Amino acid sequence: MSSPLLQHLADQLADAPSGGLCVAFSGGPDSTALLHALAALPRTHALRAIHVDHALHADSAQWATHARTFCAALGVPCTVLRVTVDLRSGRGIEAAAREARYAALAANLAPGERLLTAHHRDDQVETVLLKLLRGAGPEGLGGMRERRPLGAGELWRPLLALPREALRDYVQAHALACLDDPANADPRLRRNLLRGEILPRLATHWPHAVDAITHSAALCRDAADALRAQWLPAFETLHDPRSDSLDAAGWRLLAPALREPLLDHWLHARGLPAPGRAQRAQIERQLGAGEGRVPCIRWPGAELHVWKGRLWALPPPAAIDPAWQAPWSGDPLALPDGGTLTLHGALAQPLTLRLRRGGERLKPAGDRHTRELRDLFQQAALPPWQRAACPMIHEGDVLIAVGDRWLTERGAALLGAPGERLRWRPGR
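Keep in mind that this is a model prediction, so the values were computed, not measured. (Residues numbered from 1 in each chain as written. Predicted model: local features only at pLDDT ≥ 70, side-chain atom pairs only at ≥ 80, totals over all residues. Heavy atoms only, no water.)

1. A closer look at the overall build of the protein chain
Right, on to step 1. Along its length, the protein chain carries 15 helices and 21 strands.
Right, on to step 2. In terms of principal-axis extent, the alpha carbons of the protein chain reach across some 85 × 50 × 40 Å.
Right, on to step 3. The buried share of the protein chain, taken over its 428 residues, is 46%.
Right, on to step 4. Summarising the internal contacts of the protein chain: among those between residues at least 6 apart in sequence, 65% fall at separations of at least 24.
Right, on to step 5. Here the protein chain holds 51 positive side-chain charges and 45 negative ones, and the gap between their average locations is 5 Å. (Helix = DSSP H or I, 4+ residues; strand = E, 2+ residues; numbered from the N terminus. Buried < 20%, exposed > 50% of the residue type's maximum accessible area, 1.4 Å probe, protein only. Contact = heavy atoms within 4.5 Å. Lys, Arg positive; Asp, Glu negative; His and termini not counted. Charge placed at Lys NZ, Arg CZ, Asp CG, Glu CD.)

Below is the structure:
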């Protein structure tokens, strides 16, 4: 084969296990070259494409039409997935779009199917430099892994050893029509700044910069794998799968080289981003907080609480109106934090739901004393981040139940004993 791309893919596929191949097809030059080359090779694996419409550009619908048309000409099935990108997370448009894209791709993979992306050697170099500028350790400096689990299948980057030129030469040789996303030329995006300005200047003074960076990335990947063999057993010891929390003291005793990747692994498993260098230092400082304090360390897309000797990671809370209230007839009701309140059976008369406003008191059924809600929360070890959105169930102006945890005699008569008919599921 005269094309380096075709030869490279043929070699890769010769050792590939059975199972379908699915190309993440943006319509840009790189994914166009990958999909066209795969379609040109003998079909030893089922092949299809997925195009993700982020709905962030006025022409996104036209891009989806182009993807369908291009795939139809190749005889390759094409699925278009339209996603909603959360631009309120504070993580930036690039990170938010990537999160939405990979969530959709993962959900659409069949068992054993491999998702192929067109990431190449130049993408790897840019990734390593971006990780370096963020203060990453060996895992980040190792760059993108060639393979990793994704959904019911696997993510496969078969082109990481090929330069960008090999793909662009293929596109030119076959006169392939490609999309041009204006975002790829926006200098405000850090990756574009590296690609358009920094890396060309590096190559002028260090002609072998790309080879050196990729070599260092391979060494860091090996180091990260060696460290994983140490921190993964520690994670199994420190992690409580029931509460999905970490033993704070045990985590702090680990060597820094183990502490950071273990924390990142836990956060990523929860779908949360890793903290930056400043937040990591703050977490370690707050582990010594005095009794009664519940430190909370925040960064875009996540927050971490230190409570009862453990680390608890959560997505940022939704904005909640403390004056919120709603009538309730027992039907499943969505709460402001994303939680739910349900009742098995109907109510004879509607009740009113409110949120905690401070100073609430309740006399639980079977208790001789009226208790302050603050004391009940503390005695029951209800996580502090769940208290503000705990539903207060009122009959008229009288508080008769707090979530499904505490009910007055009247509350029990209407709603059953705690945990019997009433179910409160916190949103966080």
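Alright, that's what it looks like, and here's the rest.
2. Focus: the UniProt feature "binding site: ATP" (unreviewed entry) in the protein chain
Right, on to step 1. As recorded in UniProt, the sites labelled "binding site: ATP" (unreviewed entry) are Ser26, Gly27, Gly28, Pro29, Asp30 and Ser31.
Right, on to step 2. The contacts of glycine 28, once residues within four sequence positions are left out, are Cys178 and Leu179.
Right, on to step 3. Among the structural elements, serine 31 can be located in helix 2 (residues 29-40).
Right, on to step 4. Ignoring any residue separated from it by four or fewer positions in sequence, one finds serine 31 in contact with Val23, Ala24, Phe25, Ser26 and Ala118.
Right, on to step 5. One polar contact links the side chain of serine 31 to the main-chain amide nitrogen of glycine 27, over a distance of 3.2 Å. (UniProt positions renumbered as here; feature names shortened; annotations may be inferred. Polar contact = N/O pair within 3.5 Å; in protein donor to acceptor, adjacent residues only side chain to side chain.)

3. Focus: the pattern of salt bridges
Right, on to step 1. Scanning the entire structure with this criterion turns up 28 salt bridges.
Right, on to step 2. A salt bridge links arginine 270 to aspartate 244, with the nearest nitrogen and oxygen atoms 2.6 Å apart. With arginine 270 in the loop between helix 11 (256-269) and helix 12 (277-286) and aspartate 244 in the loop between strand 7 (239-240) and strand 8 (245-247), this residue pair connects regions lying 26 residues apart in the sequence.
Right, on to step 3. Between arginine 374 and glutamate 372 there is a salt bridge, and its shortest N-O distance comes to 3.0 Å.
Right, on to step 4. With relative accessibility at 44%, the residue arginine 374 sits in the partly exposed group.
Right, on to step 5. Given the relative accessible area of 30%, glutamate 372 is considered partly exposed.
Right, on to step 6. One network of salt bridges, in which partners are shared, links Asp122, Asp123, Glu126, Arg164, Arg191 and Arg195. (Salt bridge = Lys/Arg side-chain N within 4 Å of Asp/Glu carboxyl O.)

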